[in-house]
Structures are given as structure tokens and as C-alpha cells.
Amino acid sequence: MSTETEKQPNPGAPVNQPKRWTRDYIFDVLKELGIHYIFGVPGTNEIPIIDGTSYPENGVHYVECLHENIAIGAAMGSARMTGKPGILVVHVTPGIAHSIGNLFNAYRSQTPLIILCCQQQNELVTQEPLLASNLVDLARQYTKWAHEIRTPAEVPLVLQRAFKEAMAPPNGPVFISIPWEFMMVRIDDEAHMKGITKISSHFTGDPAAIEQSAKLLAEAKNPIIVAGDAAGYADAWPELQELASLIGAPVLLQTFSSVANFPNNDIHWQGELPGSQAAIQQVFKDHDVAFLVGFGAQAQLAVFKYSDGPLIPDHVRQVYLTNNTWDIGKNFYGESAVLGDIKATLPLMNQYISKHVPAGAAARNKHLEVLAGQRKVQWAKYKATALKQPEIWAVLIADALREVILERKLEKQFVYVHEAVSDGAPFQYLLPFGTDGAKPISYYCVAGGSLGWSMPASIGIKLEPEGSQGIKTKLVVNAVGDGSSLFYPQTYWTAAHESLGILYIITNNREYHTLQLGLQQVIAAYGNAPGYEWIPKTTDPEYLRINRPKFDFVTLAKAFGGEAGEVVEKPADVKDAIARGVDYVTSSNKSYILDMRTAQDTPPPANAQEVRDLLYRYYIDQPALDFFHKHAEANLLKASSGTAVPANVPSIF
């Protein structure tokens, strides 16, 4: 709402009038919730909403992006930092269509969003005008609720329901289609939203179910814990650490965890679940009880055969705890299940188990401590090997970034945004995602897997000076593969336009490396399978390379306003380059681009075996994160075709 001034003699000049329109209900809500940003790509239909950000008293800044998938990605980053809904305004059919990739990511990662899509004029929609369509059906599959407003009178009702649903557990996106003229309807000067109903996420589970679950864990001979995103969102590290110690269990994270669901400086931490059917089965096969806590993304792989058995073997007794009924017993039978907030409920389970500690827990804890020491030694050797290579291995980037963060005492002031999908393990293990200052939201990824989200997300993260879990965003680092970085290079423009200092590290291997790995896994699964016997024309196809012509990523960024950066080609130069980048972005309001050459120009392999050896060597040489399950040093799993696949190869896309 604006303040009163005298009318201007020039009718084309802006006039501050003491009036309110329906769009001001939106700003009532944002003011109450302390939300300060709206993200979007301008369109005529959206101007009535965007105009509301022009009034300082509304306290909302419009962040202009050059693609809707950038806008929604940035809104996701803001939401993840604050724990409040990110707000996105999109333009009719193309607007929501361009957003679908990251809307899917938000839905799978349980990110709270409010998507306001400005539909064409209500009286015209049935006649199928330019850009109009059934917008609700486009968005419904990946939202908690999708609705098109029927009349301006229901705007407060719909906003109340939308924000309530986005913030209620489990969080998620909500979509509202609004005929654009509905936002310009005059309302009474005293008409305001009363507020938004808030449903507390801190609810405990049923006492009987808690006791049943605790009893199963206390009686387990060899338990395992899988921590999903709901655990990280609940900030439940201390409670999970206590449980892991009580029962002596290794803790694995769901594949493509959205946040750091367990601290990596705890001896029980074993990294993420692997990305193949056989490797996941190997993880579970010797356990009798699995505690699946906040575990939503339960099948993060691309190749699965029922004939090879379920991901979790039938003999494993399963215990669930999460705040979402859909994720309980979704794919497997749970012998015991608790619906409740993880941080509020785990202490009750721990209290029971502390009185019935399993006899073998102490021995397992000691074993895990020994394994953690062995893992540290192996990774130190791996780093030494990496220093001798002609190209830059990811371990050097991750370790140098760790050292710079610690040297500058940024443990509580950094957020790492991860889309270097071929190189997850070094960053997840070496960066300080532990109890010395970090929090679950110090790490950010998405469970959906739709590429091109991380550079946009870095914008929303950097805009928020402090996260809901107490960490600050002085240093925002986005490690992204060369292929993923090319989805939305327009992101650099918004970062420059908003004066955001973000360190972009491009792991440049000049190919779609995960797709190369995927091709090998498909061949392993179906090359000799009866009824398929599919073999590609070539195992090193040109269409999976992006080296001709070569990209100049630093120059590309400069074209969009990214003023500084450098190409790093030698392992010995990595640490200094990262130090320069960190110092630059933390002392200025400008981004820095590091083009890390993780592959050099080499002659193409001569045959299929050579291709496979070159691809897998990287993972065979790399130590495992999961030492508890013996996946160290070139542990190969035989597929049905007889082809050996390293257990630590990441999920494919």
C-alpha cells in the first residue's frame, strides 16, 4: 500500500495513491512471514504483482532472472536457507512449462514454494487466446496443491491455503493460477489478510509405535541407519548421532541427498547409498534391521530388474520414522513405523534404547572407529596420487576448498552447492560438513536430478545472509559440471545484476561423463540379457562429448557480467586458484569463475574395453566412502551380463 501525495500534473508520471488492490494481499502475507524476495521473468501479465515490489514499505525485492527455470531454482535456494516458502511469479503457459525441471526438483526435495502463474484474462481463456492453457494440469503432478482462482473474492482464501500447505510437513511447492486482471481489483483500504495458519512440524509419534521401533533397534544384531532429507531438514544431527552410537550402526545417506543428513566427521558416517541395484543390495545384505529415518528418495537409480531381487533384501526388518506418510512403507514393508518429527521423536526412541543397549554395539563402534581411520589414510594416499596426474582430479579441488575454508575460519559461514554429479564423493567426504560449525543446510543438492538447478540456486542462497539453522552465507560455492553449467549460463547475469559474490567451480571434463558411465551400465545390464542383447554402435559416441568446439567458460561468464575468473589446468595450481576465488567473492560483491580442467585433450580410446577401463579407472582408484561394507579399493560388482562395475560409480541420468 502506498502513501498519499498530491496528484502529479503529468499523467504519465508515477502517482502514489492511498489505494489497495487484490495483489496487496500477497504483500500482507510476505510481510507477516518475513519473506523479502520474489523471483521471476517479467511479462505483461505479471506487472501488477511486480509493481508491488516498487513500494519500500512492502519490504520485498523483485529478483529479475532471464529464464523461469533460473527463477524457480533461485527461489528454491532462498527457501532452503530460510525454511520459508520461496516466491515465484511466472508467465502463463511458457512460464510454468519452462519451470517444470526445477519444479520437479523442488517437489522431490520437499522444498516449500509458492508459484504464482498469471493466467490470461478470465473472460478470454475459454476462447484459447495467445499463451493460455490449462495451467493447473501442467503443474499438478509436482505440487502439493494446484488451483486456478475463480473470482477475485477468493484471493485471501487461496493464499491462506497455499502458504499453509507449502509450510506444513512435509514441505513442498504449491501452484496458483491467477487470471491477471484479478490482481488489479480495488479492495477496501482496511482489507488485509488476517494471517497464515501455521502447522507445527514438531510433533512426536505414537508412544506405542516408538517403543516398538526402539525395541527392534535395541534387539538388532547388526543394524544399519539410512538418513534421508527429512532428517537434515529437521536439524537432527545430535539425535541421530546418539542413536548411531547407542546401537553401533553405520549411517548411510539417501542417494542424492538434498542436504547433509548426517555429519561427516562422525565415525558412523559412510556416505550416500550407491547408485546401482547390486551395490545397494550389497550394503543391506548382512544387516538384520534397517532404520529408515526421513528416507524418501528410495530408488535413486536408472537400471533395475525384478529378477535380480529387491533393493533391500527380504530378510532385513525395516523400521521407519518420518513426517510424511507417503514415504513410510512406500516401496517396502515396514515392520514398525512412526509418523512424527524426527528431531522431536528420536529422543524418545533413544531414551528407550539407552536402557536396552545392544550387546554388540560397543564392538561395532570400535570397528567403525578403526575403519574411519583407515578411510582417512586411503584418501590421503589418493590425494597424493592425484597430484601426479596430468589433469585435475576432484579430490584436489575438494581438499583445497576444505583447507581454504578452515584457514579463513569460514566453517559456520559457507554453503556448498553441489552439481558436480560425477564427483560427489570427494566433496561430501572432505568438506567440513561436521559438528565443528556446519549444519545440514551447509550442503545443498536436489533429490530430483533434473540438471541445471545449482547455478540458479546459488543466487537465492547468497541473497539470504543467514540460514534458518544458524549458518551464514559469507561464502557460497557452486561446483557444477561443464554440461550442467551450460543449461542456464544466463544465471551469471542475475548474479552480477544483484551484486552477488559467488564462487563457481566448473569441473570441466569436456563430456557428459555421467552419461558415459550410464552407457556402460546399460550395456552391463542388457548387453547379454535374453530378449535384449543390445549393443551400441560405438561405446564412445560423439554425442556424449562437448569438446568440439571447446567452450571458454570464463569468457562466457564475462559476456553475462561475470567479471573475473581463470582457467586452471595443473594439479599444483588448484589450491592457489581456489584461495584467490574465495578471497575475491568474500571481499567483493562479484562472482568468480574457476574453469577446472578435470580432463585434458587425449586421443580417443581405440576400443570398447579401453573406453570402459578409462571411465572406471577413476572410480577404481578412488577409495570408497563406505568402508563398513567393504567397498574399498576396486570392489567390483558383477552384473547379470558378467561385466564388472565398480560399486562406487554414481547414479546415472
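Going by the structure above, here's the rest.
Everything quoted here is computed from the prediction, not taken from an experiment.

Visitor: Quick question: what am I supposed to make of the overall build of the protein here?
Guide: Helix and strand counts for the protein stand at 21 helices and 22 strands. Out of the 653 residues belonging to the protein, those deemed buried represent 60%. Summarising the internal contacts of the protein: among those between residues at least 6 apart in sequence, 80% fall at separations of at least 24. As displayed, the protein offers around 25,600 Å² of accessible surface, 53% of which is attributable to carbon and sulfur atoms.

Visitor: Can you walk me through the sheet that holds strand β11 (residues 269-272) in this structure?
Guide: Pairing between the strands of a sheet comes from backbone hydrogen bonds, and it takes one of two forms, parallel or antiparallel. Ordered in space as β11-β10-β9-β12-β13-β14, the six strands form an open sheet in which the pairing is parallel. The sheet is open, and its two borders are formed by β11 and β14 (336-339), each paired with just one other strand. Mean inter-strand twist for the sheet, computed between neighbouring axes without regard to direction, equals 15 degrees. Here strand β9 (residues 223-227) runs beside strand β10 (residues 251-253); their pairing, made up of three bridges, is parallel. Following the sheet pairing, Ala 227 is matched in β10 by Leu 253. The strands that helix α7 (residues 207-219) touches are β12 (289-293), β13 (317-322) and β14; relative to β14, the one it contacts most, it runs at about 135 degrees.

Visitor: In this structure, what is going on with the nonpolar core? I would like to understand it.
Guide: It is characteristic of soluble globular proteins that their nonpolar side chains tend to be buried jointly. With 133 residues, the main nonpolar core has Ile 225, Phe 291, Tyr 416 and Ile 578 as its most contacted residues. Examining the composition of this core, we find that nine residues originate from one element, helix α13 (residues 394-407), more than from any other. The next biggest cluster of nonpolar side chains, apart from the first, holds 34 residues, and it includes Ile 49, Val 89, Val 174 and Phe 182.

Visitor: What should I look at first to understand the sheet that holds strand β15 (residues 414-419) in this one?
Guide: Read from one edge of the open sheet, six strands run β16-β15-β17-β18-β20-β19, paired in parallel fashion. Each end of this open sheet is capped by a strand with a single partner; those strands are β16 (443-444) and β19 (564-568). Across two bridges, the pairing between β15 and β16 is parallel. Bridge pairing in β16 places Tyr 416 opposite Tyr 443. Against the sheet, helix α20 (residues 574-587) engages β17 (475-481), β18 (503-508), β19 and β20 (592-597), with an angle of about 165 degrees to β20.

Visitor: Even after reading the chapter, I still don't get the pattern of salt bridges, so can you show me in this structure?
Guide: Pairs can form between side chains of opposite charge whenever their charged atoms are close. Taken as a whole, this structure holds 26 salt bridges when the rule is applied. With a closest N to O distance of 3.8 Å, Lys 144 and Glu 165 form a salt bridge. Separated by 21 residues along the polypeptide, Lys 144 in the loop between α5 (135-140) and β6 (145-148) and Glu 165 in helix α6 (residues 155-167) bring together distant segments of the chain. Residue Lys 144 is classed as partly exposed on the basis of its relative accessible area, which comes to 29%. The closest approach of N and O atoms between Glu 403 and Lys 383, which form a salt bridge, is 3.6 Å. Here Glu 403 is found in helix α13, whereas its partner Lys 383 is found in helix α12 (residues 361-386), with 20 residues between them in sequence. In the salt-bridge network here, residues are joined through shared partners; they are Lys 383, Asp 399, Arg 402, Glu 403, Glu 407, Arg 408, Lys 575 and Asp 583.

Visitor: Sorry, what's going on with the packing of aromatic side chains here?
Guide: Working definition: an aromatic ring pair is given by the centre-to-centre distance plus the angle between the planes. By the definition in use, this model includes 17 aromatic pairs. With a centroid separation of 5.4 Å and 75 degrees between ring planes, the pair formed by Tyr 444 and Trp 453 is classed as edge-to-face. Residue class for Tyr 444 comes out buried when judged on its relative accessible area of 1%. An aromatic cluster is defined as three or more aromatic residues linked by ring pairs; in this entry it consists of Trp 269, Trp 379, Tyr 382, Trp 393 and Tyr 429.

Visitor: Whenever I open this one, helix α10 (residues 277-284) confuses me. Can you help?
Guide: Because each turn of an α-helix spans 3.6 residues, side chains separated by three or four positions in sequence point in the same direction. Within α10, six of the eight residues are buried, leaving the element largely enclosed by the surrounding structure. Of all the positions in α10, only Gln 277, Ala 279, Ile 280, Gln 281, Val 283 and Phe 284 are classed as buried.

Quick notes on the rules
Residues numbered from 1 in each chain as written. Predicted model: local features only at pLDDT ≥ 70, side-chain atom pairs only at ≥ 80, totals over all residues. Heavy atoms only, no water. Helix = DSSP H or I, 4+ residues; strand = E, 2+ residues; numbered from the N terminus. Buried < 20%, exposed > 50% of the residue type's maximum accessible area, 1.4 Å probe, protein only. Contact = heavy atoms within 4.5 Å. Areas by Shrake-Rupley, 256 points an atom, 1.4 Å probe, with all protein chains shown as cover. Pairing = 2+ DSSP bridges. Axes fitted to C-alpha atoms, helices over the stretch in contact; angles between N-to-C directions. Core = buried A, V, L, I, M, F, W, Y, C linked by side-chain atoms within 4.5 Å. Salt bridge = Lys/Arg side-chain N within 4 Å of Asp/Glu carboxyl O. Phe/Tyr/Trp six-rings, centres within 6.5 Å; stacked < 30°, edge-to-face > 60°.

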